[in-house]
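What follows is the residue order along each chain.
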Amino acid sequence: MDLFEIIFYFFAAIVLVSALVVVLSKNIMYSAFSLLFTFFGVAGLFVLLNADFVGITQIMVYVGGILVLIIFGVMITTKVTGVDIKEGISGKLQYAGAGIITLLTAIFLSLMFINGKWITGSSTDVHATIHQIGTLLMTKYILAFEAAAILLLIAFIGAALIGRRKA
Amino acid sequence: MNDLLLTIIEVLIKGMVLVTFILLGAAVQVYLERKISAFIQGRIGPNRAGPFGLLQPFADVIKLFMKEDIFPKLAFKRFHQFAPVISMGIAIVVYAVIPFADPVKITMADGTVKEIVMGVAPNLNIGILFILAMTSVGVYGLTLAGWSSNSKYSLLGGLRSAAQMISYELSMGLAIIGVLMICGSFSLSDIVTHQKGWFWHWNIFAQPLAFIIFMVSSFAEMNRTPFDLPEAEPELVGGYNTEYSGMKFGMFFLAEYSNMATGSILLILLFFGGWHLPFPQEWLGLQTGSIALGIVQLAVFLFKLLAVIFFIIWVRWTVPRFRYDQLMHMGWRMLLPLALLNIAVTGIILFII
């Protein structure tokens, strides 16, 4: 087992353990906080695969944006308004539903893993990815880029509209 | 494997030196803050511990260590203990990508020339993005501290800090984009190298608007007056750190001063030519890569750093605090559109040239 594998399993363990805590913890604050470590572990895996830009974007978007929103929601609903968030599972039906969805996702992921055309390269040629990503976004994937921009604009206008409404 | 081991040892040594300097730097900043504030208010300031009160910050730290660590009965224990660790850890991690001078070439015993970079990982391609990402993680320390203390003042301070930091992160990131467009790189070393030569090559002359936006936003990110609403004493007792005592409070304190140094360093690297003299450094007659040049560059860097820190402290004791709605108004309605305008104008000018 060389160093690369040791680091890989280290980050993989962080992701798995913290993801389990997210699902299994009874305290919703622990769940939300554990998600922080999951995101960091995934970012570490990206960096290990030479995708430094994707890794840092993962931290910026998920840790710096989305998770702050989640933790805010959890903090304010439980402490300021005094409403308790229901934690845990309260019926047999939920078990069945969760089981079926998990099974389907597992089958889907396994099929993708087996049938996918994986591009393999040597792990030694490290070079900056930002320039290539920028060039590709502006040429080959310009349509997807513009679609994402329009989606963001719509969200922006919606947020401004809701924010300006007098209660 | 031997190379790898050497790299690990090199990084460890550099890391330890850096952490020592960060902590000592916080002590220097505390001393400067107290002396300058005393000067501005017509007082004498600390003058008992050591000559000119130079040992005062160390006395402060010893006092903090000796204090009883009071723990609120109704607080959330784990988060309450973990919050200062996040704040402090993030404040230090940022230094990993900061370059302090050009690489120095050292001739080894067996005649091979080894290039030593001045910093832990200064040539990282995404250095500036790393710093932005880490500052956005820094929000968690303050928010969790405020929430877990189970006190109204702390909670309000934590919420304020989170809202403020998220809002100003945007204009800070957008202001940096103008600089990145001119320099064509995310690496902090490349950005500094781009500004070498005469002082009018510094980015502050190419990007004056971005400089002002970045400076104002970094004041807000550092939670310094006029934007220190998370710890506004008249309204919130102490803000997010109200319920902390002893060295846990000390860690927030250290993190704050460490962040102040980071903000100043970024300002220097991005806008004031980093470690470059205001005139071409070839005039000194020193060889590139020599140790002497490295020392000169470090001295220039330190001088600029002290000047910026002096400016920040000066502002704190001169300008009154903003009101909360004024802060949000300024962040979203003034700085953000101005930063967007700056990007558009920079793009058009770069396209024409």
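Located above this text is the structure these notes cover.
Quick summary incoming for the structure in this document. (Residues numbered from 1 in each chain as written. Chains lettered and ligands numbered in written order. Predicted model: local features only at pLDDT ≥ 70, side-chain atom pairs only at ≥ 80, totals over all residues. Heavy atoms only, no water.)

**Comments concerning the overall build of chain B**
This is how it is decided: The numbering of helices and of strands both runs from the N terminus, where a helix is a DSSP run of H or I of at least 4 residues and a strand a run of E of at least 2. Within these notes, the globule rule equals 2.2 Å times the number of residues to the 0.38 power, and the radius of gyration is based on C-alpha atoms. Exposure is judged per residue with a 1.4 Å probe applied to protein chains only, and the accessible area is read against the type maximum: over 50% gives exposed, under 20% gives buried, and values in between give partly exposed. In this description, contact between two residues means that some pair of their heavy atoms is separated by no more than 4.5 Å. Computed with a 1.4 Å probe, the accessible areas rest on the Shrake-Rupley method; for each residue, only the protein chains presented here act as cover.
Along chain B, the regular secondary structure elements total 12 helices and two strands. Element order for chain B, N to C, with α for helix and β for strand: α-α-α-β-β-α-α-α-α-α-α-α-α-α. Taken against the 2.2 N^0.38 rule, which gives 20 Å for 353 residues, the C-alpha radius of gyration of chain B at 21 Å falls within 12% of a compact globule. Each principal axis of the C-alpha distribution contributes one length, and for chain B these read about 65 × 50 × 50 Å. Looking at the 353 residues of chain B, the share that counts as buried comes to 51%. Excluding contacts between residues fewer than 6 apart, the proportion of contacts in chain B whose partners are at least 24 apart in sequence is 78%. Accessible surface, chain B: about 16800 Å² in total, of which carbon and sulfur atoms supply 73%.

**Considerations on the environment of Leu229 of chain B**
Residues and elements named next belong to chain B. The residue Leu229 is located in the loop between helix H8 (208-221) and helix H9 (233-236) in this model. When the C-alpha positions of Leu229 and Gly239 are compared, they lie 8.1 Å apart, and in sequence the two are 10 residues distant. Not counting residues within four places of it along the chain, the set of residues in contact with Leu229 comprises Arg160, Gln164, Leu236, Arg321, Phe322, Arg323, Tyr324 and Leu327.

**Examining the pattern of salt bridges**
Residue and element names in this part refer to chain B. Definition in use: A carboxyl oxygen of Asp or Glu within 4 Å of a side-chain nitrogen of Lys or Arg is what we treat as a salt bridge.
Here the structure, examined in full by the defined rule, presents three salt bridges over all chains. Ionic pairing is found between Glu33 and Arg316, a salt bridge with its closest N-O pair at 3.5 Å. With Glu33 in helix H1 (residues 2-40) and Arg316 in helix H11 (residues 291-316), this pair connects stretches of sequence that are 283 residues apart. Owing to a relative accessible area of 3%, Glu33 belongs among the buried residues under this scheme. Note on Arg316: relative accessible area 23%, which makes it partly exposed. With a closest N to O distance of 2.7 Å, Arg34 and Asp60 form a salt bridge. Taken as a pair, Arg34 in helix H1 and Asp60 in helix H2 (residues 56-66) lie far apart in primary sequence, 26 residues in all. The class for Asp60 is buried, based on a relative accessible area of 18%.

**With respect to the interface of chain A and chain B**
Where the parts come together, the accessible area they lose is often given as the size of the interface. Convention followed: Buried surface area refers to the total accessible area, computed with a probe of radius 1.4 Å, that the two partners give up upon joining, counted for both partners together. Any N or O atom pair separated by 3.5 Å or less is treated as a polar contact, with the protein-specific requirement of one donor-capable and one acceptor-capable atom, and with residues adjacent in sequence counted only for side-chain atom pairs.
Listed by partner, the interface residues are 25 residues for chain A and 26 residues for chain B. Summed over both sides, the interface between chain A and chain B buries roughly 2400 Å², with carbon and sulfur atoms accounting for 84% of that surface. Applying the counting rule to chain A against chain B returns zero salt bridges. Counting every contact that joins chain A to chain B gives two residue pairs in polar contact (both at pLDDT 80 or more). Elements with a minimum of two residues in the side of chain A that touches chain B: helix H2 (28-48) and helix H3 (52-79) of chain A. A total of 15 residues in the side of chain A that touches chain B trace back to one element, the largest contributor, which is H3 of chain A.

**Remarks on the nonpolar core**
Using the following cut-off: Only buried Ala, Val, Leu, Ile, Met, Phe, Trp, Tyr and Cys residues count toward a nonpolar core, and they belong to the same one when joined by side-chain atoms within 4.5 Å.
Core analysis: the biggest nonpolar cluster contains 103 residues, and Tyr140, Phe214 and Phe271 of chain B have the highest contact counts within it. Ignoring anything within four residues of it in the chain, the contact list for Phe214 of chain B reads Met172, Ala175, Ile176, Leu266, Leu267, Leu270 and Phe271 of chain B.

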